[in-house]
Each structure stands twice: as structure tokens, then as C-alpha cells.
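Summary of the model geometry
This is what each chain is made of:
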Amino acid sequence: MTSKTEEQRTLFQAVLMLIGLSLWVIAVTLIRFIFIDKIDLDYAYLTYIAISVGFFFLIDGLMLYMYYVLQFNELKPKEQLAIVFIIGFTYTICLYLALISVYIMPIFLCALILAQLGQRSKAQFSNFLTMIFITYALMIHSLLTGESLLPVLVMMVSGLLCGGLSSIAISKDSSRLMFMWKSALICVTSIGTMAILSLILLDESFIDNLIYMCLSAAINFAFGLILSPLVERIFNLITNARLMELTSHNSPLISRLLKEAPGTFNHSLAVASFAEMCAANIGENPYLARACAYYHDVGKLANPLYFKENQSDYNPHDDILPEVSADILRSHTSEGLRLCKENHIPEEISHVTIQHHGTMLIPVFYFKAQKLTDGTVDPAGYCYHGETPKTKLAALVMICDSSEAAIRAMDKPDGDKVDKLLRKLIYDRLERGQFDDCKITMRELSIIRETIINAYGGLFHKRLQYPEGK
Ligand SMILES: [Fe+2]
Ligand SMILES: [Fe+2]
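Because the structure is a prediction, the values reported are computed rather than measured.

Reading guide: rules and limits
Residues numbered from 1 in each chain as written. Chains lettered and ligands numbered in written order. Predicted model: local features only at pLDDT ≥ 70, side-chain atom pairs only at ≥ 80, totals over all residues. Helix = DSSP H or I, 4+ residues; strand = E, 2+ residues; numbered from the N terminus. Buried ≥ 20, exposed ≤ 12 C-beta atoms within 10 Å, placed from the backbone. Contact = placed C-beta atoms within 7 Å. Axes fitted to C-alpha atoms, helices over the stretch in contact; angles between N-to-C directions. Parallel < 35°, antiparallel > 145°, perpendicular 65-115°, else oblique. Left-handed = near helix turned anticlockwise from the far one by under 90°. Core = buried A, V, L, I, M, F, W, Y, C linked by C-beta atoms within 7 Å. Domains from an automatic or database assignment.

1. Some remarks on the overall build of the protein
- Counting its secondary structure elements, the protein contains 18 helices and zero strands.
- Counting across all 470 residues of the protein, residues that qualify as buried make up 41%.
- Put simply, 76% of the contacts in the protein that link residues at least 6 apart link residues at least 24 apart.

2. Here's the deal with the packing of helix α16 (residues 392-409) against helix α17 (residues 415-431)
- Two elements in contact, α16 and α17, have axes whose closest approach is 10 Å; the angle formed by their N-to-C orientations is 135°. On the basis of their axis angle, the class for α16 and α17 is oblique. Crossing handedness for the pair α16 and α17: right-handed. Residue-level contacts link M398, I399, S402, S403, A406 and I407 of α16 to V418, L421, L422, L425, I426 and R429 of α17.

3. A word on the environment of M442
- Relative to the helices and strands, M442 resides in helix α18 (residues 442-459).
- The spatial distance from the C-alpha of M442 to the C-alpha of L430 is 9.9 Å, given a sequence separation of twelve residues.

4. Let's talk about the nonpolar core
- The biggest cluster of nonpolar side chains holds 105 residues, and the ones touching the most others in it are A275, C292, L396, V397 and C400.
- Among the domains, domain 1 (4-236) and domain 2 (241-459) are the pair contributing at least three residues each to this core.
- Look past the residues within four positions of L396 in its chain and what remains in contact with it is A275, C278, A279, A289 and I448.
- Judged by nonpolar contacts, the second largest core, of seven residues, contains L329, I362, Y382 and Y384.

5. Comments concerning unusual backbone geometry
- With phi around 55°, H344 is a residue other than glycine that occupies positive phi space.
- Here H344 lies in the loop between α13 (322-342) and α14 (347-355).
- Overall, H344 belongs to the exposed group, with 9 C-beta atoms counted inside 10 Å.
- Phi at K412 takes a positive value of approximately 45°, unusual for a residue other than glycine.
- With respect to the helices and strands, K412 occurs in the loop between α16 and α17.

6. Regarding the environment of L143
- Tracing the sequence through the fold places L143 in helix α5 (residues 120-145).
- Residue class for L143 comes out partly exposed when judged on the 13 C-beta atoms lying within 10 Å of it.
- Residues L143 and Y45, spaced 98 residues apart in sequence, show a C-alpha to C-alpha distance of 9.9 Å.

Below, the structure is given as C-alpha cells:
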């Protein structure tokens, strides 16, 4: 649950970011008007500047209001920073490219990038905000220089329309290729819109304007394509394209898992199949769930042979004390987090490595120790030292992980047996407070259980034996 001080801190960060954005917008606008347009600082101009400053802070108020309406407070600080960065960037290049022609402005760039980052409602809002900033700056410019306001109007209508279209069309499940196709289509639509509007409203050379419009669309397309992965990396954000790259078998940690701990790799694939289905059924991002499952056990790379799934005949735990075994086992959670940080894996994935066992007991070595010491063993010494799940996805991976291992170990699993096993498994974790720090509901826990029951048959199916000698 979000505490009052945490909420205040998030609000303070938002206010700071918005003041920063406003100061940036005012600075780049003034630089253009004073040093490039060389407009005299007369009384009228100073009044416009004063109105601008007031206007920007009014917009900030609106943004703060939207911050809560659109639940911006659910966004992580890095995501908020990315949005502010993109709005500031788009505004700046629009303002300076407008020196050539108002039609050359990549006006819906902001929406294009943000929609690719999976922030649809935020993309619409940010595009709207960018349009207001740009329209206002151009209006001041037109009023000061006595130019017609109609081109600004054409640009604004087209920008709002195509920006809105971008944020709807570039959906969450787009791959980079789909993003290319969709953004190309939106660029063509923007040229069409601007062309029709300028034909109706303007009395200027249509061919010249058309060339500028095509140039604008090309800039939108190119910047959108280059900036999305760049913004992802700078702010370590998650997009579905990035998730696909992270779960590729060629990504460094996954390829190490495949070569150095093939048993763990196969286990992770099976957990990922469960996690993906469960996430889709409880309304969470299935691609992110799959990535979390792929990385949950990367910490086993430090000692792959100490984990059952990578052993053949020899079990090194037979030769060591149970407390040493427990230490090796629980170290895979902290080691996983360390490896993820070293490889710049986004925290939405890396936190699952430290949380997927929570603070549960390691029963095998606890009972082994009990046998060796005649039953006087402190269970605290045989528990994982990680954190309990903080997100629904971490809780989901925790259940899928233990279910996969338990069903695999079962002799002739059937629907009833698996149902009983999963109920016990979830109940044990509930009883030990493993889900106390995340927002998962009882209904979602039973959806996860039902999903696994329906899916395990396909995952652990038996093959008919081939007749010998044929
Ligand atoms: Fe694990
Ligand atoms: Fe695991």
C-alpha cells in the first residue's frame, strides 16, 4: 500500500519535473525568438512572454490534475522522466524546424514514441499537451510577425488527429516491424490530412507545402524509429519489443543458461509457459510475465550442479552439511539480482529473482538437518533470505515456479491430485505471509490455480513408446 509520505514524494517529484519542463520550454522559445527571429523586446512582446509563462504554469496545474486522473502516480519515476523528456524533445525540434516551414514539424512524434513504449493513454495526453505548447508558441510568433494563423490551425488539427491515431494504432503488442508499418501508415495519413486541410483553407503553393509535409512525415518516421529504442535504453524502460529481445535465446544471460545450466533453462521455459497464460488470464502483461520467468533462476549460473534439474547421477549435496546446502540454494536469489543488475535487466524483471522464493522454508535440507540432529533445528536457518513478492507478477512467478517443480516430481499426476497440490501450495504461501506485500486477490489466486490445472497436461504430456527394433 502507498503510504502518505510516499505519495507526497511522488507528487513532489512530479511538480519538480513539470517546473523543469516549463523552464525548458520557456528557454528554448525565448532563444528562438530573441536570437533567431531577432524580435525587438518591446512592450507587446514582454506581455506575450509574461502570458506565456503564466500559461505554462496553468498547463502544469492541468498536468498535475491529470497526473491523478490518469493515475500517473502509478508510473515509476523513470517512466515519468521519459515522458517529460520526450515532450521537451518534441517541442524543441518542432519549434526549430518550424523556422523552415510550419508543415515540416514532426508534430505527433511524441505520441508515436510514447505509444510504442506502451503508454497509450499517456501518449494521447502528452501529444495533446505538446500540441498546446507548439500551437501557442507559433501563435505568438504569427501575431508578432503579422503572419496568417491559418497554417498554425492546419498543423494543430493534423497533429491532434494523427497523434491520436498513433497512440491508438501503435498497440502494446507491436513488434518493431509492426511499429514500422503502422507508423508509415500514420505518416501517409498525416500527409493526406494536412494536404486536404491546406487545400481548403490556404491560398499558398500546394506543391511546396506538400513537399514539406512529406519531409515532416519522414522525420516523424525516422525519429520515432531511432528514438524509441534509445529512450528504452536511457531510461531502462520495458516495451514489448524490448521484452522480445530480452527473452531471445541469444541474449547474454539466457544463452549462458542454455549452455551452462540446460536443466534450469528447460525449467524456466516451462515456468514461462504457465506464467504467460496466468498473466493473460488475470489481466497482467503476458510478455513481461514470460520475461520474469526466463530470468527468475539465472542466479543458479553460479553453481548449476547444486540444483536438481542440472544433475545426472551425482548429487554434490550428499557430501556436504545441510546448512551449507541451504546456503548454496538460497544464494541463487541474491546472485540472480546481482547478475541482472550487471546486465542492465530492467527492475520489473530483476526484482523477481530475489522475490520468487520469498522467505519460504527449504524443506529438503531442513528435514535432513532434523534427521542429523535429532529434531532440534531452528527453521529460520533454513529459510530463503529474499523479499516477499511486491508485485502480482512476482507472486504469479512464485506460484508457477513451485507448481512446475512439484507437478514434475509427481507420480502419475491427474486433475484431482494437481488441484489438491496447488491448493496446498498456495495455502502454505498465504499462511506464511508471502502475498502480504502485493495486491494479488483471492480470485486471481484461484484463476492462476485453474490456469495451471488446465495447462499442465499439455506441458508434461507422455509420449507413446516406440516399438523396439522398428
Ligand atoms: Fe529459484
Ligand atoms: Fe525456479
